[in-house]
Amino acid sequence: MYKARLATQLRKLFWLQIASAFSVPLIGIFIGVLFLRLDDVNENYKKAGIFCLLRSVCNIFGIVRIKFFFLATGVSLVGLVFAVLSIYYECKAHSQVLECIDGRFSDRWLMLFKWNTAVLCSVPVIMLCSWLLPSLVLFLTPIVVIFGIVVTVFYLIYLYRTAEIFLNTKKEAVT
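Residues numbered from 1 in each chain as written. Predicted model: local features only at pLDDT ≥ 70, side-chain atom pairs only at ≥ 80, totals over all residues. Heavy atoms only, no water.

J.: Please give an account of the overall build of the chain that cites residues and values.
T.: For the chain, the count of helices and strands is six helices and zero strands. Seen in sequence order, the chain has helices and strands lined up from the N terminus as α-α-α-α-α-α. Here the chain holds 175 residues, and 38% of them are scored as buried. Accessible area of the chain: about 10,400 Å², with a carbon and sulfur share of 72%. (Helix = DSSP H or I, 4+ residues; strand = E, 2+ residues; numbered from the N terminus. Buried < 20%, exposed > 50% of the residue type's maximum accessible area, 1.4 Å probe, protein only. Areas by Shrake-Rupley, 256 points an atom, 1.4 Å probe, with all protein chains shown as cover.)

This is the structure in C-alpha cells:
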C-alpha cells in the first residue's frame with residue numbers, strides 16, 4: 001500500500017526538484033512538506049523534511065539580503081549545514097526503502113549523497129579562494145558548476161527510477 005503512495009510522492013518530488021533548479025526558494029517549503037508526509041514510510045523522510053524546511057528559511061533570508069556581512073555569512077553557513085543534512089537524510093531514506101527491492105540501486109543513493117556534499121562544500125571553498133587566489137577561482141568555478149549539473153541530473157534520474165521501481169512493484173503485487 002505504501003509503495004503506491006511513495007511512488008506518487010516521489011514523482012511529485014521529481015517535478016518539484018526540477019522547479020527548484022530554477023532557484024525558487026519557496027519550492028523548498030513544498031519539498032519539505034512532501035518529505036514530512038512520507039514519515040510513515042521511513043523516519044528519515046521526516047528528518048529530511050525538517051532540514052529542508054530549515055534550509056528554505058535560510059535561503060529566504062538570503063534573498064532578503066541581510067545588510068550585515070557576518071550575519072549573512074552565518075546564515076549562509078547554517079543553510080549549508082541544513083542542506084547537507086537534508087540531502088543526507090533524503091538519500092538515506094531512499095536507500096533504505098530500496099534496500100530490499102534493489103540493493104545495488106540503493107547503494108547509488110548513498111554515493112549520490114557524497115557527490116552532493118562535495119558540490120555543496122566546494123562553494124564556500126571557492127569563495128575563500130576568491131579572497132586568497134582570485135585566478136584559481138576562474139579555474140575552479142566552471143569545474144564545480146559542471147559537476148553540480150552532473151550531480152543534479154543523476155539525482156533526477158535516480159529519483160525518477162526510484163519512483164518507477166515502486167510503481168512496478170505495486171503493479172507486480174496487484175497481478
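J.: Pulling in residues and values, what's your account of the packing of aromatic side chains?
T.: In total, this model carries 12 aromatic pairs according to the counting rule given. Summarising the aromatic geometry, the rings of W109 and Y155 are spaced 5.8 Å apart at their centres and angled 85° between planes, so their arrangement reads as edge-to-face. Of the two residues, W109 sits in helix α5 (residues 103-132) while Y155 sits in helix α6 (residues 134-174), which places them 46 residues apart along the sequence. For the pair formed by W109 and Y155, the shared burial category is buried. Judged by centre distance (5.4 Å) and plane angle (75°), the rings of W115 and F154 are edge-to-face. Taken together, the residues W115 in helix α5 and F154 in helix α6 connect sequence positions 39 residues apart. Exposure remark for F154: the relative accessible area of 31% places this residue in the partly exposed category. One aromatic cluster is present, formed by F105, W109, W115, F154, Y155 and Y158 through successive ring pairs. In this structure, R161 packs its charged tip against the face of F105, placed 4.4 Å from the ring centre. (Phe/Tyr/Trp six-rings, centres within 6.5 Å; stacked < 30°, edge-to-face > 60°. Lys NZ or Arg CZ within 6 Å of the ring centre and 35° of its normal.)

J.: Requested: an account of helix α1 (residues 2-20), with residues and values cited.
T.: Given 3.6 residues per turn, any residue in an α-helix points the same way as the ones three and four places further on. With 19 residues, α1 extends 26 Å between its outermost C-alpha atoms, agreeing within 8% with the 27 Å of an ideal straight helix rising 1.5 Å per residue. All of the buried residues along α1 are L6, A7, Q9, L10, L13, F14 and Q17. (Expected span 1.5 Å × (residues − 1).)

J.: Before we move on, could you go through the nonpolar core and cite the residues and values that matter?
T.: L6, L10, L13, Y45 and W109 are the most contacted members of the largest nonpolar core, which totals 39 residues. Put simply, the parts of the chain that give this core at least two residues each are α1, α2 (25-37), α3 (43-64), α4 (69-98), α5 and α6. Residues within four places of L10 in sequence aside, it is in contact with Y45, H94, L159, T162, A163 and F166. (Core = buried A, V, L, I, M, F, W, Y, C linked by side-chain atoms within 4.5 Å. Contact = heavy atoms within 4.5 Å.)

J.: Mind laying out the pattern of salt bridges, listing which residues take part and the relevant values?
T.: One pass over the full model with this rule turns up two salt bridges. Residue R11 is joined to E164 by a salt bridge in which the shortest nitrogen-to-oxygen separation is 2.0 Å. Linking R11 in helix α1 with E164 in helix α6, this pair joins segments that are 153 residues apart in sequence. Exposure remark for R11: the relative accessible area of 33% places this residue in the partly exposed category. Note on E164: relative accessible area 23%, which makes it partly exposed. (Salt bridge = Lys/Arg side-chain N within 4 Å of Asp/Glu carboxyl O.)

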